[in-house]
Amino acid sequence: MRVAICQLNSRDDKEQNLATAEKLVREAAADRADLIALPEYTDYQGPKEGALASAEPDDGPTTRRFSALAAELGVNILLGSIRIQTDDAERCNNRSFLFDRGGKISAQYNKLHLYDVDLPGRITYRESDTVVPGDGVVMGEVDGHKAGLSICYDVRFPELFRLQALNGAEILFVPAAFALYTGRDHWEVLLRARAIENQCFVIAPGQFGPYPPAGACNGRSIIIDPWGNVLARMADCVGYAVADLDFSMQTKTREELPSLGNRRADMYDLKIA
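What you see is a predicted model; the values in this text were computed from it and never measured. (Residues numbered from 1 in each chain as written. Predicted model: local features only at pLDDT ≥ 70, side-chain atom pairs only at ≥ 80, totals over all residues. Heavy atoms only, no water.)

A. How the structure looks around the side chain of Thr 62. Position of Thr 62 among the secondary structure elements: in helix H3 (residues 61-73). Given the relative accessible area of 2%, Thr 62 is considered buried. Excluding residues that lie within four positions of it along the chain, Thr 62 makes contacts with Lys 14, Leu 18, Glu 56, Leu 79 and Ile 82. (Helix = DSSP H or I, 4+ residues; strand = E, 2+ residues; numbered from the N terminus. Buried < 20%, exposed > 50% of the residue type's maximum accessible area, 1.4 Å probe, protein only. Contact = heavy atoms within 4.5 Å.)

B. Representation of helix H4 (residues 158-166). What H4 keeps buried is the set Leu 160, Phe 161, Gln 164 and Ala 165. Seen from one end, H4 has its buried residues packed into an arc of 135°, which puts them on one side. Elements that come into contact with the buried residues of H4 comprise strand E5 (105-110), strand E8 (139-142), strand E9 (145-148), strand E10 (171-173), helix H5 (180-198) and helix H7 (259-262). (Arc of directions from axis to C-beta.)

C. Region of the structure containing the sheet that holds strand E3 (residues 76-85). Strand order in the open sheet made by the six strands is E5-E4-E3-E2-E1-E16, with mixed pairing throughout. The open sheet has two free edges, formed respectively by E5 and strand E16 (239-244), since each of these has just one partner strand. In this sheet, adjacent strand axes meet at a mean angle of 25° when their direction is disregarded. The pairing of strand E4 (residues 92-99) with E5 spans five bridges and is antiparallel. Across the sheet, Phe 99 pairs through a bridge with Ile 105, a residue of E5. The strands touched by H3 are E3 and E4; relative to E3, the strand with the most contacts, the crossing angle is about 170°. (Pairing = 2+ DSSP bridges. Axes fitted to C-alpha atoms, helices over the stretch in contact; angles between N-to-C directions.)

D. Representation of the environment of Gly 140. By the element assignment, Gly 140 lies in strand E8. For Gly 140, a relative accessible area of 9% gives the class buried. As a C-alpha pair, Gly 140 and Ile 171 span 31 residues in sequence and 9.4 Å in three-dimensional space. Residues in contact with Gly 140, not counting those within four places in the same chain, are Leu 98, Ala 107, His 145, Lys 146, Ala 147 and Leu 149.

E. Structural detail: the sheet that holds strand E15 (residues 230-233). What the six strands build is an open sheet, ordered E8-E9-E10-E11-E14-E15; its pairing is mixed. The open sheet has two edge strands, E8 and E15, and neither has a second partner. With direction set aside, neighbouring strand axes in the sheet form an average angle of 20°. The pairing of strand E14 (residues 222-224) with E15 spans three bridges and is classified as antiparallel. The residue bridging Ile 224 from the neighbouring strand is Val 230, located in E15. Running over the sheet, H5 touches E10, strand E11 (201-204), E14 and E15 and is turned about 25° from E14.

F. A look at the nonpolar core. Of all hydrophobic cores here, the largest spans 45 residues; its most connected members are Met 1, Ile 171, Phe 173, Leu 191, Val 202, Ile 203 and Leu 245. Apart from the residues within four sequence positions on either side, Ile 171 is in contact with Met 1, His 145, Lys 146, Ala 147, Gly 148, Phe 201, Ile 203, Leu 245 and Phe 247. Membership of the second largest hydrophobic core comes to 22 residues, among which are Ala 4, Ala 33, Leu 79 and Ile 82. (Core = buried A, V, L, I, M, F, W, Y, C linked by side-chain atoms within 4.5 Å.)

G. View of the packing of helix H1 (residues 14-30) against H3. Across the interface, H1 lies against H3 with an axial gap of 11 Å and an inter-helix angle of 15°. Compared by their axis directions, H1 and H3 come out roughly parallel. Pair H1 / H3 crosses with right-handed handedness. For the pair formed by H1 and H3, the contact residues are Lys 14, Glu 15, Leu 18, Ala 19, Ala 21, Glu 22, Val 25, Arg 26 and Ala 29 on the first element and Thr 62, Arg 65, Phe 66, Leu 69, Glu 72 and Leu 73 on the second. Residues of the contact of H1 with H3, tallied by class, amount to eight nonpolar, one polar and six charged. (Parallel < 35°, antiparallel > 145°, perpendicular 65-115°, else oblique. Left-handed = near helix turned anticlockwise from the far one by under 90°. Nonpolar A, V, L, I, M, F, W, Y, C, P; charged D, E, K, R; others polar.)

H. Spotlight on the pairing of E16. The two faces of E16 differ: Gly 239, Ala 241 and Ala 243 on one face are buried, but Tyr 240, Val 242 and Asp 244 on the other face are not. Strand direction decides the pairing type here: strand E1 (residues 2-7) and E16, joined by six bridges, are antiparallel. Each residue of the ladder has a partner; that of Ile 5, found in E16, is Ala 241.

None of this, on its own, says anything about what the molecule does.
Right, here's the structure in full:
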């Protein structure tokens, strides 16, 4: 399977962001990609008021646009995430969509883990003020291969990915708008850990660069194999990178290092001394 990761610098011009995303998808499809993955907040990154205004209904113009694009090009597309309206006028869902080659939505996922922090005198940030968290673990499928869906901050919670691996995941999606400050030290380390411990391919398209009013994303979009090797890594720019996934290598890895099979299923029942 040939996979492309698209790296964006989405800002506060939604139509420009989507046009750039579509352009990269078309270029990657011309490069023979079977699966093309876009980052978190493909639609908009900017002031809170504009972010909420950018939210769409379930079957909004952006989902229809990328559904049609997948069908036109005959490729699988991961729309890393866009904002979707909820019953709460002040909060939206941060939702990922996986489209199959016919343009059908094969899976959709609302971000589970939200970044809330209060450091007196330094920073207070509450993602939950504008986003409603999801309530379920989601699996999708790409050309017969099972895939687990996640978004950005989810990568810090390994139990999510272990559940997906135990339910047959071969691919783990981690679209992100990872902060520059933490991303420099944590982004690749966390992703390689999720790949190694679950013996899965990790596909992590990210946002890169500054966005208003004062944010900045890490970039370094990456594809990792089940041994933890980096197959593709983006430079600090808008663009795409490709890699070929060899699922026979994954099978061999799981046979020679059967850590998923050797795990203690009763671990949570054991006593803590």
